[in-house]
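Take a look at the letters that make up each chain.
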Amino acid sequence: MSDIKKFMYLNRRAPYGTIYAWESLEVVLIGAAFDQEVSLIFMDDGVFQLVKGSDTSQSDMKNFMPTYRTLGDYGVRHLYVDKASLEARGLTQEDLIEVAWEDFETEEEVDNIVEPVDADQVAQLMAESEVVFSF
Amino acid sequence: MPIEVNGKTFETDEEGYLANINEWEPGVAEVMAKEDELDLTDEHWDIINFLREYYEEYQIAPAVRVLTKAVGKKMGKDKGNSKYLYGLFPYGPGKQACRYAGLPKPTGCV
């Protein structure tokens, strides 16, 4: 593969109330077929998308919360979470799900690709990305 | 087109996927396979059951690439490859096996 680009999906909305979170997740799953370098950032109310034990089925939507845990299998390398957004909502990494990643060929494994980052890191990650999708 | 299984009618979408995954029973897979002129063996059932467990856990039908990897992890590399899976499900393991398992069409599958 010669044309691998860095894709960044920015998720800023709660998983319920609007369709944005689910739409974003679907685009990530579809895009994963194209072998790009994919990362996600969760900011503002978007951090709620990764809170353990969430269930969106009460909001007349499919409960897609368990689907986030499969992102590693779809080749997503990083799920970054904005620290300030977590703190503002009284959340810590302990409240978030864990997502494992494994390279089937090399058997390289990462137990958890969910990683809190500060504002400077977010800015840097955005700057490094070649394609940014905002949801 | 709805399908008939043991006297019960199951609604499907225009591509033949079950409308309601919760209605699924093994007979659904048997009837669908018969229409495709395919005999379901234990090897087919391993994949169908695997897909149902996958959906139960993650709430999605995996893309074929992900399915292949996941099967390899669970059942060994001799089964986690496209040749083996296409051998079982000639119309594509993602589409065909998901349909038999009562799952929706895999996300990203056209």
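Keep in mind it's a predicted model, so treat the numbers as computed, not measured.

1. Observations regarding the overall build of chain A
Here is step 1 of the chain: Broken down by element type, chain A carries three helices and seven strands.
Here is step 2 of the chain: Reading chain A from its N end, one meets helices and strands in the order β-α-β-β-α-β-β-β-α-β.
Here is step 3 of the chain: For 135 residues, the compact-globule estimate of 2.2 N^0.38 gives 14 Å, and chain A sits close to it at 14 Å.
Here is step 4 of the chain: Across its three principal directions, the C-alpha atoms of chain A cover 40 × 35 × 25 Å.
Here is step 5 of the chain: Burial statistics for chain A: of 135 residues in total, 32% are counted as buried.
Here is step 6 of the chain: A separation threshold of at least 6 residues defines the contact pool for chain A, and within that pool the share at least 24 residues apart is 77%.

2. Considerations on the packing of helix α2 (residues 42-58) of chain B against helix α3 (residues 64-75) of chain B
Residues and elements named next belong to chain B.
Here is step 1 of the chain: Where α2 meets α3, the axes come as close as 11 Å, and the angle between the chain directions of the two elements is 105 degrees. It follows that α2 is roughly perpendicular to α3 by the angle criterion. Contacts between α2 and α3 involve Asp46, Ile47, Phe50 and Tyr54 from the former and Ala70, Val71, Lys74 and Met75 from the latter.
Here is step 2 of the chain: Here the contact of α2 with α3 is built from residues that sort into six nonpolar, no polar and two charged.

3. Considerations on the interface of chain B and chain A
Here is step 1 of the chain: Listed per partner, the contact involves 12 residues of chain B and 14 residues of chain A.
Here is step 2 of the chain: Among the elements of the structure, α2 and α3 of chain B are those that each provide at least two residues to the side of chain B that touches chain A.
Here is step 3 of the chain: No other element matches α3 of chain B, which puts five residues into the side of chain B that touches chain A.
Here is step 4 of the chain: When grouped by side-chain class, the residues that make up the side of chain B that touches chain A number five nonpolar, four polar and three charged.

4. Description of α3 of chain B
All names here are of chain B.
Here is step 1 of the chain: With 12 residues, α3 should cover 16 Å at 1.5 Å per step; its first-to-last C-alpha distance of 16 Å lies within 8% of that length.
Here is step 2 of the chain: Along α3, the positions that sit buried rather than exposed are Val64, Val66, Leu67, Thr68, Lys69, Ala70 and Val71.
Here is step 3 of the chain: Looking at the packing, one finds that the buried side of α3 touches α2, α4 (82-88) and α5 (93-100).
Here is step 4 of the chain: A positive backbone phi angle near 100 degrees is found at Gly76, which sits one or two residues after α3.

5. Some points on the environment of Glu25 of chain B
All names here are of chain B.
Here is step 1 of the chain: In this fold, Glu25 is placed in the loop between β2 (8-10) and α1 (26-35).
Here is step 2 of the chain: The exposure class of Glu25 is exposed, given the 12 C-beta atoms found within 10 Å.
Here is step 3 of the chain: Separated by 75 residues in sequence, Glu25 and Tyr100 have C-alpha atoms that sit 9.8 Å apart.

6. Some remarks on α5 of chain B
Residue and element names in this part refer to chain B.
Here is step 1 of the chain: For α5, the tally of buried residues reaches seven of eight residues, placing the bulk of the element in the interior.
Here is step 2 of the chain: Next to the buried residues of α5 lie α1, α2, α3 and α4.
Here is step 3 of the chain: At the exit of α5 stands Gly102, carrying a positive phi of roughly 85 degrees.

7. Digging into the pairing of strand β1 (residues 6-11) of chain A
Residues and elements named next belong to chain A.
Here is step 1 of the chain: The element β1 is largely enclosed, with a buried count of five among its six residues.
Here is step 2 of the chain: At this point the chain moves from β1, through helix α1 (residues 20-31), to the parallel strand β2 (residues 37-42), and the crossover so formed is right-handed.
Here is step 3 of the chain: Examined bridge by bridge, β1 and strand β7 (residues 131-134) share four bridges and lie parallel to one another. Paired with Leu10 across the strands is Ser134, a residue of β7.

8. Notes on the nonpolar core
Here is step 1 of the chain: Formed by 53 residues in total, the largest nonpolar core has its most connected members in Val28 and Leu79 of chain A together with Leu51 of chain B.
Here is step 2 of the chain: Elements represented by at least two residues in this core include exactly β1, α1, β2 and β3 (76-82) of chain A together with α1, α2, α3 and α5 of chain B.
Here is step 3 of the chain: In contact with Val28 of chain A, not counting residues within four places along its chain, are Tyr9, Val38, Leu40, Leu71 and Val76 of chain A.

The rules we used
- Along each chain, residue indices are assigned from 1 in the same order as the chain's sequence is written.
- As a convention, the first chain written is A and the first ligand written is 1, with the rest following in written order.
- Under the rules for a predicted model, residues below a pLDDT of 70 receive no local features and side-chain atom pairs below 80 are neither given nor counted, while totals for whole chains, interfaces and linings still include all residues.
- Helical segments are the DSSP runs of H or I of at least four residues, strand segments are the runs of E of at least two, and each set is numbered from the N terminus.
- The atom set for the radius of gyration is the C-alpha atoms, and the globule formula is 2.2 Å times the number of residues raised to the power 0.38.
- Counts of 20 or more other C-beta atoms within 10 Å of a residue's own C-beta define buried residues, counts of 12 or fewer define exposed ones, and intermediate counts define partly exposed ones; C-beta atoms are placed from the backbone.
- Contact criterion: two residues are in contact if their C-beta atoms, reconstructed from the backbone, are within 7 Å.
- Angles run from 0 to 180 degrees between N-to-C directions of axes, and those axes are lines fitted to C-alpha atoms, restricted for helices to the stretch in contact.
- We call two directions roughly parallel when the angle between them is under 35 degrees, roughly antiparallel when it is over 145, roughly perpendicular when it lies between 65 and 115, and oblique otherwise.
- Under the convention adopted here, Pro, Cys and the residues Ala, Val, Leu, Ile, Met, Phe, Trp and Tyr are nonpolar, Asp, Glu, Lys and Arg are charged, and Gly plus all remaining residues are polar.
- A helix is expected to reach a length of 1.5 Å times the quantity of its residues less one.
- Look down the strands so they point away from you; if going from the first strand over the helix to the second traces a clockwise path, that crossover is right-handed.
- A pair of strands is considered paired only if DSSP assigns at least 2 bridges between the two.
- Residues enter a nonpolar core if they are buried, belong to Ala, Val, Leu, Ile, Met, Phe, Trp, Tyr or Cys, and are joined to the set through C-beta atoms within 7 Å.

Interpretation in functional terms is not warranted from these geometric data alone.
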